[in-house]
Amino acid sequence: MTSAKLVVENRDPVESLRSFMKMLIEKEAVAALLVSNHLPMKNSVMPALVDDPGRLEGADPLAPAFPLNSARVLSKLTRKSSGFTTAAILRPCEIRAFVELVKLKQGSTDEVLLIGIDCLGAFGNLDYGRFAGDDKASTMRFYKKVLQGEDESWNGCDISPACKSCEFPVPDGADITIGLLGNDILDSLSLIANTDKGRKALEKLGLASADVPEKRLEAIAGLIAQRTAYRDEMFKATGEAVSDVEKLMGYLGNCVNCYNCRVACPVCYCRECVFTTDVFDHEPDQYFRWAKRKGIIKMPTDTVFYHMTRLAHMSTACIGCGQCSNACPNGVPVMELFRTIAHAAQGAFDYTAGKSIEDDPPLSVFREREFSEITGGRD
Amino acid sequence: MIEYEPTIIAFVCNWCTYTAADLAGTSRLVQPPNVRMIRMMCTGMVDPKYVIKALLEGADAVLISGCHPGDCHYINGNLKARRRIKLLKEIIPKFGFDERRLKMTWIGASEGIDFAQTVRSLVAEVKQIGPNELRTKMVL
């Protein structure tokens, strides 16, 4: 079976997805679940690892909240074998980040059932709080507006620029896709198996096979076109905003070297970042020497150096989730800069980060004859 | 165009280009004194941040020079370096750096003449481009 229909009961897709997840554990398709969950004490959404199918009351994989990229969390869970399968219900960008981590040997798909949901975007962390408030039913307010065009209030918030510019709303790398696009989500959702693992899991649930709605492809193409247009505008504007080093310094002018963007980045893969090692723990007289030479230096130093180095280190793996911007305490548009450069960097190696486990990361391989223009045509 | 003396930071491989530079010197080949040479065990250990740091500190050009493909002392470090330079050549022009400020060459141990020629032509080229103004500017 490659696709099935998940009938939505009581016009409540969130509750129906909870039943689906419960079934996954009860019918032993998986032993545990990683899913977004409303915290019991506060209406914040955080990933949770669920073992007991009776404890899914807060699970909400549709919540338009994106506090962190769960690829990192899943990497912690799959670093070593657990002996059983865990389902991870993720956004497409989380799956793509996880694919990059697997290629870097920081995670494994062996014991994971990747379940991806069509992603219609999410709010930044501060905006989600403003949008949702204490309203635990806020999730459906979001979908009524984005899918059904109903005039629902978002309290002046909007989905993050990373989501608006994301041309990957469909989780192609998932074992099972939960399809929203092309469906009336108050009536039914599509379950689409993309791999053998996904097919086997769906068969265990015993759902009747059903075709994917015809409108789906059209809905996907429309959303991708809209987002690609936004993305290309963003590339153009950002490219102009950083077109010389002086402008780049202005762009990064509010950066306080907290390195939150690096901590939040799911594909910044070094266990220990060089910028927090002794290499950058300069002697006091080093600073005075720099100041003497130039007359004036900005403190802390190495801000542009840090961002340019991070670009050189991870732009070939950037999947554009926007958590860097989400984590920035000073509103530096980090995602815009990194996506713009990453697009060119990945293009140079004909590589798309997160697309396939089969494609080698560009800097992990080489060929004897390639890029002869770098060395003046000699190779 | 202002006449100025450029500073070129060269990361050179111990096994080939460094020896070639030594040969150029002992052979009394004439070459301009603008290169500050940093001897690496292999171009494969030139991290992109070395290049970025040099450019942000005001180097007028960065030269990376290693063994010809197939001759690397560590089998393929030079080929890994080439990919990193390819990446840097994508990134730095986006921030307004002239791409010609970053140069990579293959110069074998016996090619002293080639080394002297590379230095001469790079100095001339960088003089054409003009100075890297970051040398005197406040860099964040």
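1. Re the overall build of chain B
Item 1. Secondary structure summary: chain B contains four helices and four strands in total.
Item 2. Computed over its C-alpha atoms, the radius of gyration of chain B comes to 15 Å, within 12% of the 14 Å expected for a compact globule of 140 residues.
Item 3. For chain B, the spread of C-alpha atoms along the principal axes amounts to about 40 × 30 × 20 Å.
Item 4. Counting every position in chain B, which comprises 140 residues, the buried fraction comes to 53%.
Item 5. Taking contacts inside chain B between residues at least 6 apart in sequence as the whole, the part at least 24 apart equals 81%.

2. Some words on the environment of Ala327(A)
Residues and elements named next belong to chain A.
Item 1. Structurally, alanine 327 is set in helix H13 (residues 323-327).
Item 2. Counting along the chain gives 179 residues from alanine 327 to glutamine 148, while the straight-line C-alpha distance between them is 31 Å.
Item 3. Leave out the neighbours within four places in its chain, and alanine 327 touches Asn260, Cys261, Val263 and Ala264.

3. Overview of the sheet that holds strand E4 (residues 102-106) of chain B
Residues and elements named next belong to chain B.
Item 1. Spatial ordering of the open sheet is given by E2-E1-E3-E4, a layout of four strands whose pairing is parallel. Taken across any chain shown, the strands that pair with only one partner, and hence form the sheet edges, are strand E2 (35-40) and E4. The mean angle between the axes of side-by-side strands here comes to 20°, regardless of whether they run parallel or antiparallel.
Item 2. Examined bridge by bridge, strand E1 (residues 8-13) and strand E3 (residues 61-66) share five bridges and lie parallel to one another. Note that in E3 the partner of alanine 10 across the bridge is leucine 63.
Item 3. Packed onto the sheet, helix H2 (residues 48-56) meets E1, E3 and E4 and runs at close to 150° relative to E3.

4. Describing the pairing of E3(B)
Residue and element names in this part refer to chain B.
Item 1. Of all the six residues making up E3, six are buried; the element is thus mostly covered by neighbouring parts of the structure.
Item 2. Residues of E3 alternate between two faces, with Ala61, Leu63 and Ser65 on one and Val62, Ile64 and Gly66 on the opposite face, all of them buried.
Item 3. Sheet analysis places E3 next to E4, joined by five bridges and oriented parallel. Within E4, the position partnered with leucine 63 by the bridge is lysine 103.
Item 4. Read as a crossover between parallel neighbours, the route from E3 over helix H3 (residues 77-91) to E4 is right-handed.

5. Quick look at unusual backbone geometry
All names here are of chain A.
Item 1. Residues methionine 299 and proline 300 are joined by a peptide bond in cis, for which omega reads -15°.
Item 2. Within the secondary structure, proline 300 is located in the loop between helix H11 (284-294) and helix H12 (303-314).
Item 3. For lysine 105, which is not a glycine, the phi torsion comes out positive at approximately 60°.
Item 4. Within the secondary structure, lysine 105 sits in the loop between helix H3 (92-103) and strand E5 (112-117).
Item 5. The phi angle at asparagine 257 is positive, at roughly 55°, despite the residue not being glycine.
Item 6. Looking at the secondary structure, you find asparagine 257 in the loop between helix H9 (245-251) and helix H10 (260-264).
Item 7. A count of 15 C-beta atoms within 10 Å places asparagine 257 in the partly exposed class.

6. Thoughts on the interface of chain B and chain A
Item 1. The interface is formed by 30 residues belonging to chain B together with 35 residues belonging to chain A.
Item 2. The set of elements that each furnish at least two residues to the side of chain B that touches chain A consists of H2, H3 and E4 of chain B.
Item 3. The leading source of residues in the side of chain B that touches chain A is H3(B), at twelve residues.
Item 4. Looking at the side of chain B that touches chain A, its residues break down into 16 nonpolar, four polar and ten charged.

7. Quick word on helix H5 (residues 138-146) of chain A
Residues and elements named next belong to chain A.
Item 1. Those residues of H5 lying buried are Ser138, Thr139 and Phe142. Mapping the buried residues of H5 onto a view down its axis gives an arc of 115°, with all of them on the same face.
Item 2. Close packing links the buried residues of H5 with helix H1 (13-26) and helix H4 (125-132).

8. Overview of the sheet that holds strand E7 (residues 188-193) of chain A
All names here are of chain A.
Item 1. Pairing within the open sheet is mixed, and its seven strands lie in the order E1-E7-E6-E5-E4-E2-E3. Two strands lie at the open edges of the sheet, namely strand E1 (3-7) and strand E3 (45-50), each paired on one side alone. Averaged over all neighbouring strand pairs, the angle between strand axes comes to 25°, with direction disregarded.
Item 2. Across four bridges, strand E6 (residues 176-179) lies against E7 in antiparallel orientation. The partner of threonine 177 across the bridge, within E7, is isoleucine 192.
Item 3. Against the sheet, helix H2 (residues 71-78) touches strand E2 (32-38), E3, strand E4 (86-90) and E5, its axis set at about 150° to E2.

Definitions and cut-offs
Residues numbered from 1 in each chain as written. Chains lettered and ligands numbered in written order. Predicted model: local features only at pLDDT ≥ 70, side-chain atom pairs only at ≥ 80, totals over all residues. Helix = DSSP H or I, 4+ residues; strand = E, 2+ residues; numbered from the N terminus. Rg over C-alpha atoms; globule rule 2.2 N^0.38 Å. Buried ≥ 20, exposed ≤ 12 C-beta atoms within 10 Å, placed from the backbone. Contact = placed C-beta atoms within 7 Å. Pairing = 2+ DSSP bridges. Axes fitted to C-alpha atoms, helices over the stretch in contact; angles between N-to-C directions. Right-handed = clockwise from strand over helix to strand, strands pointing away. Nonpolar A, V, L, I, M, F, W, Y, C, P; charged D, E, K, R; others polar. Arc of directions from axis to C-beta.

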